[in-house]
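Chain by chain, the residues:
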Amino acid sequence: MALRVMQIYLPQLPDEKLDELLEGRAILGRWRDVDGEQVVLHLLVPAEETEGIMDRCEQQFASIEGFHVVLFPVEAVLPRPEAEPEDEVAANGESKEENAERISREELYNEVAEGLGITRVYLGMIVLSSIVAAVGLLRNDVAVIIGAMVIAPLLVPNVAISLATTLGDMALLRRAAATSLAGIATGLGVAILVGLLFDVDANIPAIAARAHLTFGSIVLALAAGSAGTLAFSRGLAGAVIGVMVAVALMPPLVVCGMLLGSGQVEPALGAFLLTAANVVCINLAGVGILLLQGVGPRNWSEAERAKKSTRTAVLIWVVLLAVLLLVLWLNQRFPF
């Protein structure tokens, strides 16, 4: 069970008010400090409880000067907390099903916001990943290709696009889209340069497998996007989790660039369609997973905007996927 320590800075409140504030939440530890006219409430809680507590606090105290909530991850606790019985969890209620086993939207937002930005480190990692992937593809070496996927920092921008869509946060969406597009453009540019400098054989199995779109590759991209977003929403993001998204994006992108650089337009088009389908599926799956987990804006005033942006995004992704499926079907019926 993932745990968090919450420090909540509040005005002086009687114990009854504090009990009312925390009613129905699973609190594993609670203590408070008094500093003049302010109370610092310390809570030890399961990670999935933090969102509900922060929502209640903001609703009641957002307009009060000095109100803050600070969240800390917990590495270990003694004595070990006991799991709450399922019947007690159900009795405590208050939309537990919506955010069970995921971290709060604030943690999700902070994770993706910190990971966005077209920095030298980000672009450098994309360049290195593209070079390693190109070498692995040319040598038909699966281990080297997987190594390139570990390097590629593509998980955060894609999760950020999905999160921004479900929250209706256009500023975050613009940053995420710019970061993702910069990474894709950089990887494609490096791959084209490799194609100009080296002979690229389109019949190499590792390259040929990524030079055309199949129904199986669409299923893989949907699974990769779901796995990456689900792991990220549980606070498990890392290099290994990022491989799930990178596997679906980097190899076909690098294949597309290398084939374009070597003048092999037809197989490059197939790799481009595969890359496009993977981008669509990863983001569609990401939005779906976040919606299923109940991720959304806190304020009712933002809910309508979030619903509108989610509907629009899902419609766009579904239409694009339908177009790609149509192209795939036509290509299988009438090969070109």
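The model shown is predicted, which means the values in this text are computed figures rather than measured ones.

### Here's the deal with the overall build of the protein chain
Helix and strand counts for the protein chain come out as 14 helices and 4 strands. Within the span of the protein chain, comprising 336 residues, buried residues form 45% of the whole. By sequence separation, contacts in the protein chain at least 24 residues apart represent 79% of the contacts at least 6 residues apart. Counting only carbon and sulfur atoms, one obtains 62% of the accessible surface of the protein chain, whose full area is about 16,900 Å².

### Let's talk about the confidence of the model for the protein chain
Confidence in the prediction for the protein chain averages 83 pLDDT; 88% of positions are at 70 or higher. A low-confidence stretch, residues 85-97 (pLDDT under 50), is modelled with 9 contacts involving residues beyond four sequence positions or located in other chains.

### Observations concerning the sheet that holds strand S2 (residues 29-35)
The strand order across the open sheet formed by 4 strands is S2-S3-S1-S4, and the pairing between neighbours is antiparallel. The sheet is open, and its two borders are formed by S2 and strand S4 (68-73), each paired with just one other strand. Taken pair by pair, the neighbouring strands of this sheet meet at an average axis angle of 15°, ignoring direction. Of the pairings in the sheet, the one linking strand S1 (residues 3-11) to strand S3 (residues 38-46) comprises 9 bridges and is antiparallel in character. Across the sheet, residue Arg-4 finds its bridge partner in S3, namely Val-45. Packing of helix H2 (residues 50-61) onto the sheet brings it into contact with S1, S3 and S4, and relative to S1 it is tilted by some 10°.

### A short note on the pattern of salt bridges
Any two side chains of opposite charge can pair if their charged atoms end up close together. Taken as a whole and judged by the stated rule, the model has 6 salt bridges. Note that Glu-107 is salt-bridged to Arg-4, the shortest N-O span being 2.9 Å. Pair noted here: Glu-107 is in helix H5 (residues 105-115) and Arg-4 is in strand S1, with a separation of 103 residues, a long-range link. Residues Glu-107 and Arg-4 agree in their burial class; the two are buried. Here Glu-51 and Arg-105 are joined by a salt bridge, their closest N and O atoms 3.1 Å apart. Of this pair, Glu-51 sits in helix H2 while Arg-105 is found in helix H5, placing the two residues 54 residues apart along the sequence. Of the two residues, Glu-51 and Arg-105, both sit in the buried class. Connected through salt bridges with shared partners, the residues Glu-51, Asp-55, Arg-105 and Glu-106 form a single ionic network.

### A word on the packing of aromatic side chains
Enumeration according to the criterion identifies 1 aromatic pair in this entry. Residues Phe-61 and Phe-67 carry aromatic rings whose centres are separated by 6.1 Å and whose planes lie at 35° to one another, so their mutual orientation is tilted. Neither residue differs from the other here; Phe-61 and Phe-67 are each classed as buried.

### What about unusual backbone geometry?
Of note, Asn-140 is a non-glycine position whose phi angle comes to about 55°, a positive value. Looking at where Asn-140 falls in the secondary structure, it is placed in the loop between helix H6 (120-139) and helix H7 (142-151). On the accessibility criterion, Asn-140 (35% relative accessible area) is partly exposed.

### A few points about the pairing of S2
In summary, the side chains of a regular strand alternate between the two faces of the sheet. Sheet analysis places S2 next to S3, joined by 7 bridges and oriented antiparallel. Each bridged residue has a counterpart across the sheet, and for Asp-33 the counterpart in S3 is Val-40. Remark: 2 residues form the turn of the hairpin made by S2 and S3, two consecutive strands paired antiparallel; Gly-36 in that turn has positive phi of roughly 65°.

### Here we look at helix H9 (residues 170-197)
Its 28 residues place the ends of H9 40 Å apart at the C-alpha level, agreeing with the 40 Å of an ideal helix rising 1.5 Å per residue. Among the residues of H9, those classed as buried are Leu-172, Ala-176, Thr-179, Ser-180, Ala-182, Gly-183, Gly-187, Val-190, Ala-191, Val-194 and Gly-195. Where H9 begins, one side-chain oxygen reaches toward the backbone nitrogen of Ala-171, 3.2 Å away; that side chain belongs to Asp-169.

### Here's the deal with the environment of Leu-154
By secondary structure assignment, the location of Leu-154 is in the loop between H7 and helix H8 (155-167). Leu-154 sits 29 residues away from Gly-183 along the chain, and the two C-alpha atoms are 7.7 Å apart.

### Comments concerning H8
Taking 1.5 Å of rise per residue, the 13 residues of H8 would be expected to cover 18 Å, and the 18 Å separating its terminal C-alpha atoms lies within 8% of that figure. Of all 13 residues making up H8, 13 are buried, and the element is well covered by its neighbours.

The rules behind these values
Residues numbered from 1 in each chain as written. Predicted model: local features only at pLDDT ≥ 70, side-chain atom pairs only at ≥ 80, totals over all residues. Heavy atoms only, no water. Helix = DSSP H or I, 4+ residues; strand = E, 2+ residues; numbered from the N terminus. Buried < 20%, exposed > 50% of the residue type's maximum accessible area, 1.4 Å probe, protein only. Contact = heavy atoms within 4.5 Å. Areas by Shrake-Rupley, 256 points an atom, 1.4 Å probe, with all protein chains shown as cover. pLDDT = per-residue confidence, 0-100. Pairing = 2+ DSSP bridges. Axes fitted to C-alpha atoms, helices over the stretch in contact; angles between N-to-C directions. Salt bridge = Lys/Arg side-chain N within 4 Å of Asp/Glu carboxyl O. Phe/Tyr/Trp six-rings, centres within 6.5 Å; stacked < 30°, edge-to-face > 60°. Expected span 1.5 Å × (residues − 1). Polar contact = N/O pair within 3.5 Å; in protein donor to acceptor, adjacent residues only side chain to side chain.

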